[in-house]
Amino acid sequence: MNALMLLVFDGLLLLGIVSLAWASLASSDDRNSVILFMAFGLVLAVAWGRLMAADVALAEAAIGAGLSGALLLAAVRKRPAQMAAGRANNSHNPDRTGVNMLLQWSVTLLCAALAGTLAWALLDAFSSTPHETLPQAISANLEASGVSNPVTAVLLNFRAYDTLLELAVLLTAVLGILAMGRATAVYQPAGPIFDGLVRWLVPVLILTAGYLLWVGAHAPGGAFQAGATLAAAGVVLHLAGHPRIGLPAGFALRILMAAGVAVFLAVGLSLLVMGRPFLGYPPAWAGALILIIESAAMLAIAATLVLAFVGAFPRSTATRAASRQVREEEAR
Amino acid sequence: MLTAHVMYGLSGCLLVALGLRTTLLHASLLRRVLAINVMGAGVFMMLIAVAYRGLGVPPDPVPHALVLTGIVVAVSATALALALARRLHAEHDNG
């Protein structure tokens with residue numbers, strides 16, 4: 001491709017990204033702001049594709065723009081009162097006092113100084129030739145990692161410990177959300193057109209998730225992208241008014257939520273018992289072990305993200321009766 | 001010289017500053033959560049720019065793995081922050 005054309009493309013893309021971020025943060029309406037943020041995420045995914053980061057582009061489109069957008073939109077929908085409060089605050093802004101003005105300017109200046117420092121550090125890093133020892137070590141050991149996609153090799157083999165802790169972070173966050181448990185609004189059953197769409201969309205999403213999981217071993221994809229796609233199926237079902245969202249009930253759901261961390265730990269500890277380092281897979285088994293861990297992780301990530309979206313365990317008739325009982329007891 | 005990784009890296013710095021400013025100055029909790037996400041996107045952009053080696057050249061996979069982890073942690077933190085904000089507003093409305 002022509003170098004000048006590429007430069008123009010980069011310039012326009014970056015202009016679009018920075019303007020969308022600015023518009024999203026400066027918008028006077030929360031709903032507009034969220035929709036602009038989703039657009040920002042999607043354009044960002046194009047930028048990751050441009051910078052040869054296809055794995056990140058897939059995750060950004062599915063999680064950064066898709067699921068975060070759904071979460072934020074649901075949050076705007078649930079809080080019309082808060083939106084009004086936000087608007088009231090904005091209307092106060094024009095008659096701000098001198099002190100307020102001073103504060104705004106000093107914060108802006110400090111942020112500009114931070115951007116300048118970051119830019120300086122970054123340019124300094126770019127000006128020196130990069131030490132390619134880490135990428136070289138990865139490509140030298142890729143054969144033994146059990147997968148041929150270097151990003152999956154880093155995530156599930158070379159730095160598997162980080163990914164284990166990441167799954168633990170995800171589990172902790174959803175436990176926090178469930179602990180504050182307010183069952184959120186249940187959506188009305190979908191009309192015939194949306195229901196027809198859901199019937200087509202959910203199987204396609206499940207199939208795509210399976211494909212992304214399998215292909216992650218040798219091409220962009222993997223447990224996180226697959227889990228997010230599967231979670232999207234759950235979100236669609238929730239929006240269409242399905243009460244159980246395709247999730248199992250009770251204890252099985254708790255096991256599913258913990259499956260990612262549990263299988264990861266079980267594999268790591270069994271290897272430790274066999275006299276290998278923690279999560280140090282024998283090269284002959286590495287591919288199979290990674291697939292097992294990724295399958296469990298995908299299911300756990302999907303269940304966790306759906307529960308994070310719903311904000312509470314899905315209500316079945318039994319739990320609804322139980323919660324009514326609790327409420328009656330509280331009233332007494 | 002205005003190469004691609006310099007352009008993307010500097011835009012990342014700009015996004016961090018933009019996000020931080022709104023996080024500190026805006027009153028609405030929802031907008032602050034958005035602003036923190038924009039800051040995160042800026043950090044991701046710097047990391048991906050550092051990993052970039054040119055069109056058609058395999059990039060450094062380590063920053064890519066870091067950003068993937070970051071995206072998932074960011075969405076968990078966003079969900080938790082929104083749940084906290086919702087609870088806060090519910091308490092406020094009741095009290």
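Residues numbered from 1 in each chain as written. Chains lettered and ligands numbered in written order. Predicted model: local features only at pLDDT ≥ 70, side-chain atom pairs only at ≥ 80, totals over all residues. Heavy atoms only, no water.

1. Quick look at the overall build of chain B
The helix and strand tally for chain B stands at 3 helices and 0 strands. A compact globule built from 95 residues should have a C-alpha radius of gyration of about 12 Å, whereas chain B, at 17 Å, is more than 25% larger. Overall, the C-alpha framework of chain B stretches about 60 × 25 × 15 Å when taken along its three principal axes. Residues counted as buried form 58% of the 95 residues belonging to chain B. Across chain B, the fraction of contacts at a sequence separation of at least 24, relative to all contacts at a separation of at least 6, is 54%. Working note: accessible area of chain B is about 3600 Å², and carbon and sulfur atoms make up 70% of it. (Helix = DSSP H or I, 4+ residues; strand = E, 2+ residues; numbered from the N terminus. Rg over C-alpha atoms; globule rule 2.2 N^0.38 Å. Buried < 20%, exposed > 50% of the residue type's maximum accessible area, 1.4 Å probe, protein only. Contact = heavy atoms within 4.5 Å. Areas by Shrake-Rupley, 256 points an atom, 1.4 Å probe, with all protein chains shown as cover.)

2. Let's talk about the confidence of the model for chain A
Summarising the model, chain A shows a mean pLDDT of 85, and 87% of its residues fall at 70 or more. Every residue in residues 86–92 of chain A is under pLDDT 50, and counting partners more than four places away or in other chains gives 5 contacts. (pLDDT = per-residue confidence, 0-100.)

3. Describing the confidence of the model for chain B
Residues and elements named next belong to chain B. Per-residue confidence for chain B averages 90 on the pLDDT scale, and 97% of its residues sit at or above 70. Taken element by element, the predicted model of chain B shows its lowest mean pLDDT in helix α3 (residues 61–94) (89) and its highest in helix α2 (residues 29–51) (94). Across the interface, the model reports ipTM at 0.94; the global pTM reads 0.87.

4. What to know about the nonpolar core
Within soluble globular proteins, side chains that are nonpolar generally end up buried alongside one another. The biggest cluster of nonpolar side chains holds 120 residues, and the ones touching the most others in it are A:Phe40, A:Trp48, A:Phe264, A:Tyr281, B:Tyr8 and B:Met45. Ranked by the residues each element gives to this core, the list is headed by helix α12 (residues 286–310) of chain A, at 15 residues. The contact partners of A:Phe40, leaving out residues within four places of it in the chain, are A:Ile17, A:Leu20, A:Ala21, B:Leu15, B:Val38 and B:Ala41. (Core = buried A, V, L, I, M, F, W, Y, C linked by side-chain atoms within 4.5 Å.)

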